[in-house]
Amino acid sequence: MNDHSQYVLKRPAPESIPHPFKIEYEKELNAAQLAAVTALEGPVLVIAGAGSGKTRTLVYRVARYIESGLPAQNLLLLTFTRKAAQEMLSRAGLLLGTVCDRVAGGTFHSFSNTILRRYGSAIRIDPSFTILDRPDGEDVIQHLRNARGLGEREKRFPRKSTLSDIFSASVNKAIPLEEVVLTDYPHFSIHLEEIMDLEKAYNDYKRQRSLLDYDDLLVQLQELLEDHRETREHLSEIYRAIMVDEYQDTNKIQARVARLLCATHENIMVVGDDAQSIYSFRGAHFKNIMDFPKEFPNARIFKLEENYRSTQPILNLTNEIINRATEKYTKHLFTRQKQGNPPVLVQAENENWQSRFVCQRVLELREEGVPLQDMAVLFRSSHHSFDLEIELVKHGLPFIKRGGFKFIETTHVKDVLAHLRVLQNPRDAVSWNRLLLLIEGVGPKKSQNIITAILKETDWVKVLKSQSETLAGGSVLHELVRMFEDLLASPAIPAEQLSRIYSYYTPLLPQRFDDYPKRIRDLEHLYAITERYLKLDEFLSDIALEPPNEAVSDVEPTVKETEKLILSTIHSAKGLEWHSVFIVWALDGKFPSMYSFDNPEEMEEERRLMYVAATRAKKGLYIIYPVNIFDKVLGSVLSHPTRFLDGIPRSLYNSWSIVE
DNA sequence: AACAAGTTGTTTTTT
DNA sequence: ACAACTTGTT
């Protein structure tokens, strides 16, 4: 098992047990599942409808492999999202116990991190490279942008976040940068040359300083496997059977990586659902799954069409939603649970009424015995839950929010991490810049001077010290120097180092933020996380690849995980299921988002998103939309429910209007 | 050069 | 509503 999944799953150390389990595959699996589970050799494609026991199939297949004598450490399970990886590995753990602790797995990115640190030197990658998350990458881009004076143009030059989007789209969609700009950002085509230069500068900068962003992790892994036969064959020998989950969400690079990993044996199974492809914005395309048989002409294909999750009334509606897609999908789901309540379409007078309806219904359901954690509120974009969050707090309902802004990306957390990073790597100019700008009297220019000096000298504490003497009343810089002296004086575990940084940093908070008490709580949370680590570099890698799931929120920390209502973006809800599901903001213009109105492909993806959201529900499905919402951008009032219900027979769902 | 105040622009979704 | 960018003041 790789380092990252150990962080995800804290379980006892593996013992050397062969197989104490007795699994009756024929009883516990249906015919299609059984066929997929027992097809251990050669390429296999599984088309798995929503709720059709996909994870179950993967887990039983792992069991089957181990039974057949293949050691767990020779199995590799890959997925795109962290949540799917966790789900898969923990369910395998439940069935098989500690044996499968040795199964390797995780996201493509975390797998790449492990492999590149171990084998990356073959393509001149420093094993102690630093991972840049998105804001880090943007900081570098901004730095290079300013250094080239690209900000001061008569014609507006794209901002850092746009540049980052452009670069990333080019990599993930495997489209030349030029084409991305010309088709998706035609208004910036006058800057095409500068943009291309900047990308080159960005790549050189990262290369020179051993920095890898998320895209580099994939690209470099592909390069390693592509160019280094030895490593490729070595890994292919280690991982004798490969399984890829959520295959419809992989992009070309990931598909290529999977292909190369099984180069010597072709024991690969991919599982996916073309109707649930919702990551095209980062290069995934559901056609990838259709191309699998082209890549592996001898692939066997299995379809899982029996749904074990939802009642027939819910499936009737979700089938209608997906059948109206312009692309025809490959299957039709059915279930044996014929009875159930029909889904409900709820009209609310405004956003707050929508929130109050959800609260009220959640309370009623809890009265009926449905546990809070078995209900979820799903939404298109993360800010759609703001009003609801306030309302939930008012009602004293505990919740946990998934997706959207991660607390790891908030300013104060990034500030603190910058201090840890320069400890790990004093040549990290971006982190230096961030932490120096916090100091009163230090602006861009002074910061740059100090960094230049630091990069020249080996003894960077000395540099800081001499700088602190030149700065009038530079008491904060003095404090910084003393802090670093303390930190370097004796070796310490990350938590201790963090605690010393806090004693320096937290006094700076009140003058920077109005809401500093809340931010201090976030920092306490961060401290709790560092306590799990003994080594700084492990902590810093993990924090970039496996950041805590919870977004920033005011949740009472005392309430147990098991008693919380789930709020989640639909993207983060993939692969999960709940007794009752509330889809809020199902308002045409919000969901589907008006930005997709003029793009048929995006509109189709919005439809699949709605499909994913609705198929999360086991027993109860509520689709809610507020009316009379004025939209500034459109300049009009939105009041129609999502268009994905248009034309669907009214008999398939109930319509409610909220009355006081 | 740094900082403060005022202006403009832009909205997903994840690693 | 908020963040990035610009302009003006010390």
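Located above this text is the structure these notes cover.
Below is a short write-up of the structure. (Residues numbered from 1 in each chain as written. Chains lettered and ligands numbered in written order. Predicted model: local features only at pLDDT ≥ 70, side-chain atom pairs only at ≥ 80, totals over all residues. Heavy atoms only, no water.)

Topic: helix H20 (residues 444-456)
Note that an α-helix has 3.6 residues per turn; residues three or four places apart therefore point the same way. For the record, the criterion: Labels follow the DSSP assignment, with helices taken as runs of H or I lasting at least four residues and strands as runs of E lasting at least two, numbered in each case from the N terminus. What a helix should span is 1.5 Å times the count of its residues minus one. For every residue, the accessible area (1.4 Å probe, protein chains only) is compared with the maximum for its type, and the residue is labelled buried under 20%, exposed over 50%, or partly exposed between those bounds. The directions considered for the arc run from the helix axis to the C-beta atoms. Contacts are assigned to residue pairs with any non-hydrogen atoms lying within 4.5 Å of each other.
For H20, spanning 13 residues, the distance from its first C-alpha to its last is 19 Å, which sits close to the expected 18 Å at 1.5 Å a residue. Among the residues of H20, those classed as buried are Ser447, Ile450, Ile451 and Ile454. Along the axis of H20, the buried residues cluster in a sector spanning 100°; they form a single face. Those residues of H20 that are exposed and angled more than 90 degrees off the buried face are Lys445 and Lys456. Buried residues belonging to H20 abut helix H19 (429-436) and helix H21 (460-470).

Structural notes on the packing of helix H11 (residues 214-227) against helix H13 (residues 252-261)
Angle between the axes and distance between the axes are the two parameters that describe a pair of packed helices. Filter applied, for reference: Simply put, an axis is a line fit to the C-alpha atoms, just over the touching stretch for a helix, and the angle between two N-to-C directions goes from 0 to 180 degrees. Note that the term roughly parallel is reserved for angles under 35 degrees, roughly antiparallel for angles over 145, roughly perpendicular for angles of 65 to 115, and oblique for everything else. It is the rotation of the near helix from the far one that decides the hand of a crossing: anticlockwise by less than a right angle makes it left-handed, clockwise makes it right-handed.
The contact between H11 and H13 brings their axes to 9 Å, and the two run at 30°. Taken as axis vectors, H11 and H13 run roughly parallel relative to one another. Taken as a pair, H11 and H13 cross one another with a handedness that is left-handed. Here Leu218, Val219, Leu221, Gln222, Leu225 and Glu226 of H11 lie close against H13, whose contacting residues are Ile253, Gln254, Arg256, Val257, Leu260 and Leu261.

Some remarks on the environment of Leu487
Take Leu487: it is sitting in helix H22 (residues 475-489). Assessed through its relative accessible area of 8%, Leu487 is described here as buried. For the pair formed by Leu487 and Pro398, sequence separation is 89 residues and the distance between their alpha carbons is 39 Å.

Digging into a negative patch on the surface
Where we set the bar: Residues enter patches when their relative accessible area tops 30% and they take part in no salt bridge; the joining distance is 9 Å for like charges and 5 Å for the nonpolar side chains Val, Leu, Ile, Met, Phe, Trp and Tyr. All accessibility values rest on the Shrake-Rupley procedure with a 1.4 Å probe; residue burial counts only the protein chains present in the view. A pair is scored as a salt bridge if a Lys or Arg side-chain nitrogen falls within 4 Å of a carboxyl oxygen belonging to Asp or Glu. Charge convention: Lys and Arg are scored as positive, Asp and Glu as negative, and His as well as the terminal groups of each chain are ignored. Here the site of a charge means NZ on Lys, CZ on Arg, CG on Asp, or CD on Glu.
On the surface, a cluster of negative charge is contributed by Asp184, Asp598, Glu601 and Glu602. With respect to the helices and strands, Asp184 occurs in helix H9 (residues 177-184). On the basis of relative accessible area, Asp184 is assigned to the partly exposed category, the value being 45%.

As for the side chain of Asn172
Short version of the rule: Within 3.5 Å is the distance limit for a polar contact, defined as a pair of N or O atoms, with the added protein rule that one can donate a hydrogen and the other accept it, and that residues adjacent in sequence qualify only through two side-chain atoms.
With respect to the element layout, Asn172 can be found in helix H8 (residues 160-172). According to the relative accessible area criterion, Asn172 is buried, its value standing at 4%. There is a polar contact of 3.0 Å between the side chain of Asn172 and the side chain of Asn251.

Quick look at the packing of aromatic side chains
The geometry of an aromatic ring pair is captured by the separation of the ring centres together with the interplanar angle, meaning the angle of the planes. Here is the rule: Only Phe, Tyr and Trp rings take part, Trp by its six-membered ring, and two of them pair if their centres are within 6.5 Å. Stacked means planes under 30 degrees apart, edge-to-face means over 60, and tilted covers everything else.
For the structure shown, the criterion picks out 15 aromatic pairs. Between Tyr533 and Phe539 the ring centres are 5.5 Å apart and the planes differ by 65°, which places this aromatic pair in the edge-to-face class. Taken individually, Tyr533 and Phe539 each receive the classification buried, so the pair is uniform in this respect. Through a chain of ring-to-ring contacts, three or more aromatic side chains come together here, namely Phe357, Phe582, Tyr622 and Trp656.

Brief notes about the side chain of Ser431
Assignment of secondary structure puts Ser431 in helix H19. On the basis of relative accessibility, which here comes to 4%, the residue Ser431 falls in the buried class. Apart from residues no more than four positions distant in its own chain, Ser431 is found in contact with Ala418, Arg421 and Val422.

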